[in-house]
Amino acid sequence: MTRVAVMVIHGLGMQKEDYADKLIACLSREMERVMVLPGAAKQMLDIEPVFWADVFEEREEALFQQLVRSPGLNYQALRRFVIHYLADAVAYQPVENQGHHYDAVHRTLHQAMHVLAQRNGPEAPLCVVAHSLGAVIASNFFYDLQYPSSNRMPEIVDVNSALERGDTLTNFYSFGTTLPLWSLRYEHFSRPIQVPAPQATHHFPRLEGEWVNFYESNDILGYPLRPIDPAYASAVKEDIKVHVGGPATSWNPLSHGGYFTSEHMNRRIAQGLARTWTWVNRSK
């Protein structure tokens, strides 16, 4: 049996390496409910979290010490929060010289895909589950693979694994994403990534796949994607409004961190992954 390779990507802010544990636990429970099979997640999914926060962590903390702690500015905890949120988005911006943070962040995605390919085979179906800025990172990463250009060539074009080339991308689930705000950087923002990837039809003929986006109306960093442009309306199958967070966060912008344990969202993701797993394994 072929498992679906699932890559989880975190978003903005101060992250811990175990950030994905709650999502994995919730998604696993929902997978078992969807398939009506105990242990379904372990049999059908191989989940690999991406941890890219440490690319910026050292310099962000140094900036906090220099600009906030040393001068003794007020609201230090809040300032640390703001620095880590804003600095992630600023530092990730691509620049002309080589070796910048944009490439360093993307290398963490490639490393995760390499691990998934090693464990599940070079042609396993790939699903991406991405939060906040993580969805922007995923979009840019696969855009560079699907639309390579002379000034923004991805570093992994020579790998032999179809999964590592992004060829087997079948499902993309974004949530709490800031991607629409990035459209302001471009005069024309009308070429989204293709899900499934263009080459996926070679590996999985007639597999539908999907890009589904989730947003919470109280989350000021999370937005629907389909209204961006007619091309996004076509590329994104659904924008699903969800209610996330606990009693203290669900009614305010702190809901941004509540998606990971949303049963509604994880149930919908589990349904999509179950369809993909079933199709791939029945077609053999």
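Every value quoted in this text rests on a predicted model; they were computed, and no experiment measured them.

With that settled, the discussion passes to unusual backbone geometry. Of note, the bond from valine 195 into proline 196 is cis; its omega dihedral lies within 30 degrees of zero at 0°. By the secondary structure assignment, proline 196 is in the loop between helix 7 (179–182) and helix 8 (200–203). One non-glycine residue, valine 36, lies in positive phi territory at about 50°. Judged by its relative accessible area of 68%, valine 36 is exposed. For serine 132, which is not a glycine, the phi torsion comes out positive at approximately 55°.

Next up on the list: the nonpolar core. In terms of nonpolar packing, the biggest core is built from 70 residues, with Met7, Leu45, Phe142, Trp211 and Leu273 touching the most fellow members. Among the elements that line this core, the one with the most residues is helix 6 (residues 133–146), at eight residues. Residues contacting methionine 7, with those up to four places away along its chain left out, are Glu48, Val50, Leu109, Ala112, Met113, Leu116, Leu126, Cys127, Val128, Val129 and Phe142.

The next thing to look at is the packing of helix 3 (residues 54–69) against helix 4 (residues 76–91). Between helix 3 and helix 4, whose axes approach to 10 Å, the crossing angle comes to 135°. Of the possible angle classes, the one that applies to helix 3 and helix 4 is oblique. The hand of the helix 3/helix 4 crossing is right-handed. Contact residues: helix 3 offers Phe56, Glu57, Glu60, Glu61, Leu63, Phe64, Gln65, Val68 and Arg69, while helix 4 offers Gln76, Arg79, Arg80, Ile83, His84, Ala87, Asp88 and Ala91. Class assignment of the residues belonging to the contact of helix 3 with helix 4 gives a composition of seven nonpolar, three polar and seven charged.

Turning our eyes to something else, we now look at the environment of asparagine 266. Within the secondary structure, asparagine 266 is located in helix 10 (residues 263–282). Between the C-alpha atom of asparagine 266 and that of alanine 25, which follows or precedes it by 241 residues, the distance is 9.9 Å. Beyond its immediate chain neighbours, meaning those up to four positions away, asparagine 266 contacts Leu23, Cys26, Leu27, Glu30, Tyr259, Phe260 and Thr261. At 2.9 Å, the side chain of asparagine 266 and the backbone oxygen of serine 262 are in polar contact.

Moving on, we get to the sheet that holds strand 6 (residues 238–241). What the six strands build is an open sheet, ordered 2-1-3-4-5-6; its pairing is parallel. Each having just a single partner strand, strand 2 (45–50) and strand 6 make up the two edges of the open sheet. Between one strand and the next, the sheet's axes are offset by a mean angle of 15°, whatever the strand orientation. In this sheet, strand 2 lies alongside strand 1 (residues 4–9) in parallel orientation, the contact comprising six bridges. Counterpart to valine 4 in the pairing with strand 2 is leucine 45. Sitting on the sheet, helix 1 (residues 21–35) is in contact with strand 1, strand 2, strand 3 (126–131) and strand 4 (169–175), with an inclination near 160° to strand 2.

A cluster of nonpolar side chains, namely Tyr75, Leu78, Phe81, Val82 and Leu86, defines an oily patch on the protein surface of about 540 Å² accessible area. Examined against the element boundaries, tyrosine 75 turns out to sit in the loop between helix 3 and helix 4. What makes tyrosine 75 exposed here is its relative accessible area of 64%.

With 16 residues, helix 4 should cover 22 Å at 1.5 Å per step; its first-to-last C-alpha distance of 21 Å lies within 8% of that length. Inspection of helix 4 places Ile83, His84, Ala87 and Asp88 among the buried residues, and these make up the whole buried set. Take helix 4 and look down its axis: the buried residues cluster within an arc of 115°, on one side only. In this structure, helix 4 carries Leu78, Leu86 and Val90 as exposed residues pointing more than 90 degrees from its buried face.

Right, let's talk about the packing of helix 5 (residues 101–120) against helix 6 for a bit. Direction vectors running N to C along helix 5 and helix 6 enclose 80°, while the axes themselves pass 10 Å from each other. In terms of orientation, helix 5 and helix 6 fall into the roughly perpendicular class. In contact with Tyr102, Val105, His106, Leu109, His110 and Met113 of helix 5, helix 6 contributes Ile137, Ala138, Asn140, Phe141, Phe142 and Asp144. Of the residues contributing to the contact of helix 5 with helix 6, the split by class is eight nonpolar, three polar and one charged.

Take the pairing of strand 4 next. For strand 4, the tally of buried residues reaches seven of seven residues, placing the bulk of the element in the interior. Sheet analysis places strand 3 next to strand 4, joined by six bridges and oriented parallel. Looking at strand 4, one finds that cysteine 127 is bridged to asparagine 171. Pairing analysis gives five bridges linking strand 4 to strand 5 (residues 210–215), with the strands arranged parallel. Its bridge partner being in strand 5, phenylalanine 175 is matched across the sheet by phenylalanine 214.

What counts, and at which threshold
Residues numbered from 1 in each chain as written. Predicted model: local features only at pLDDT ≥ 70, side-chain atom pairs only at ≥ 80, totals over all residues. Heavy atoms only, no water. Helix = DSSP H or I, 4+ residues; strand = E, 2+ residues; numbered from the N terminus. Buried < 20%, exposed > 50% of the residue type's maximum accessible area, 1.4 Å probe, protein only. Core = buried A, V, L, I, M, F, W, Y, C linked by side-chain atoms within 4.5 Å. Contact = heavy atoms within 4.5 Å. Axes fitted to C-alpha atoms, helices over the stretch in contact; angles between N-to-C directions. Parallel < 35°, antiparallel > 145°, perpendicular 65-115°, else oblique. Left-handed = near helix turned anticlockwise from the far one by under 90°. Nonpolar A, V, L, I, M, F, W, Y, C, P; charged D, E, K, R; others polar. Polar contact = N/O pair within 3.5 Å; in protein donor to acceptor, adjacent residues only side chain to side chain. Pairing = 2+ DSSP bridges. Patch = residues over 30% accessible without salt bridge, like charges linked within 9 Å, V, L, I, M, F, W, Y side chains within 5 Å. Areas by Shrake-Rupley, 256 points an atom, 1.4 Å probe, with all protein chains shown as cover. Salt bridge = Lys/Arg side-chain N within 4 Å of Asp/Glu carboxyl O. Expected span 1.5 Å × (residues − 1). Arc of directions from axis to C-beta.

By themselves these figures say nothing about function.
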